[in-house]
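The primary structure of each chain is shown beneath.
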Amino acid sequence: MNRNVLLISAIAAGIAAPALAQTAAPQPAAPAAAPQQQVKPEAVPAKIALIAFEQVVLATNEGQQAVATVQKKYEPTKAKIEAAGNEVDSLKKQLQSGTSLSDEEKASRARTIDTKEKQLNRDAEDAQAAYNQDLQEAISKIAGKVSQVAQQYVSKNGYTLLIDIGSQQSNVMWATPNTDISQAVVDAYNTQSGVAAPPPSAPSATKPTTPRPSTTPKK
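Residues numbered from 1 in each chain as written. Predicted model: local features only at pLDDT ≥ 70, side-chain atom pairs only at ≥ 80, totals over all residues. Heavy atoms only, no water.

Brief notes about the packing of helix H4 (residues 75–97) against helix H5 (residues 103–156)
The geometry of H4 relative to H5 is characterised by a closest axis approach of 10 Å and an angle of 160° between their N-to-C directions. With respect to each other, H4 and H5 are oriented roughly antiparallel. Considering the relative orientation of H4 and H5, their crossing is left-handed. Two secondary-structure elements touch here, H4 through Thr 77, Ile 81, Ala 84, Gly 85, Glu 87, Val 88, Leu 91, Lys 92, Gln 94 and Leu 95 and H5 through Lys 106, Arg 109, Ala 110, Ile 113, Lys 116, Glu 117, Leu 120, Asp 123, Ala 124 and Ala 127. A class-by-class count of the residues in the contact of H4 with H5 yields ten nonpolar, three polar and seven charged. (Axes fitted to C-alpha atoms, helices over the stretch in contact; angles between N-to-C directions. Helix = DSSP H or I, 4+ residues; strand = E, 2+ residues; numbered from the N terminus. Parallel < 35°, antiparallel > 145°, perpendicular 65-115°, else oblique. Left-handed = near helix turned anticlockwise from the far one by under 90°. Contact = heavy atoms within 4.5 Å. Nonpolar A, V, L, I, M, F, W, Y, C, P; charged D, E, K, R; others polar.)

Side note on the environment of Asp 187
Structurally, Asp 187 can be placed in helix H6 (residues 182–193). Here Asp 187 falls in the partly exposed class, since its relative accessible area comes to 40%. Residues Asp 187 and Thr 60, 127 residues apart in the sequence, show an inter-C-alpha distance of 7.7 Å. (Buried < 20%, exposed > 50% of the residue type's maximum accessible area, 1.4 Å probe, protein only.)

A look at the nonpolar core
Counting residues in each nonpolar core, the largest one holds 24 residues, and the members touching the most others are Ile 51, Val 57, Val 146, Ile 181 and Val 185. Going through the elements one at a time, strand E1 (48–51), helix H2 (53–59), helix H3 (61–73), H5 and H6 are the ones with two or more residues in this core. For this core, the element with the most residues is H5, which contributes nine residues. Residues in contact with Val 146, not counting those within four places in the same chain, are Phe 53, Val 56, Val 57, Thr 60, Val 185 and Tyr 189. (Core = buried A, V, L, I, M, F, W, Y, C linked by side-chain atoms within 4.5 Å.)

Observations concerning the side chain of Asp 134
Relative to the assigned elements, Asp 134 resides in helix H5. When residues no more than four places from it in sequence are discounted, the contact partners of Asp 134 are Val 70, Lys 73 and Tyr 74.

Encoded structure:
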């Protein structure tokens, strides 16, 4: 309901109220509602779990398959950009070794190289942006499901707090190895998703490890 509708409703209610007051019989005042009791927070024994969430998503079988699928999609683009880069390098070498070329020819070739190099850089930037977007979309779909599995895991195992140590903003400097549930969540997700592990030749993410002072975390 927008602001105009709310305003009209309020005005209509204000007009109707006096008319109802003139025709309706007086009603006894309703008894005051009993005040609600405020629930006191209670301290519970803390059981903290750590997870490198982003690494977990990439380490799942489904995450590895998603990365491999996106990489395969951009293989032709990668090959095209590499070929264009090799062409530019070859033209530069020819120009450098062309001592017998006239100044006019050198200038012409230099302009050609500059044009090709600028186009190469634009194509590479566009391809990288498109690759990153496709990869992010593919991983985001899996991340939501991994998050649910992680929450189920900590609830089932009696944890009271789950901290993501996968981002650069993490304040965790050190933790005992048994508090890191990253690999346990990877295993739980793989079992629940039913997605088979990719073949050995497919790209695979590094398995999450116990956080160290230099760990860079995130969700």
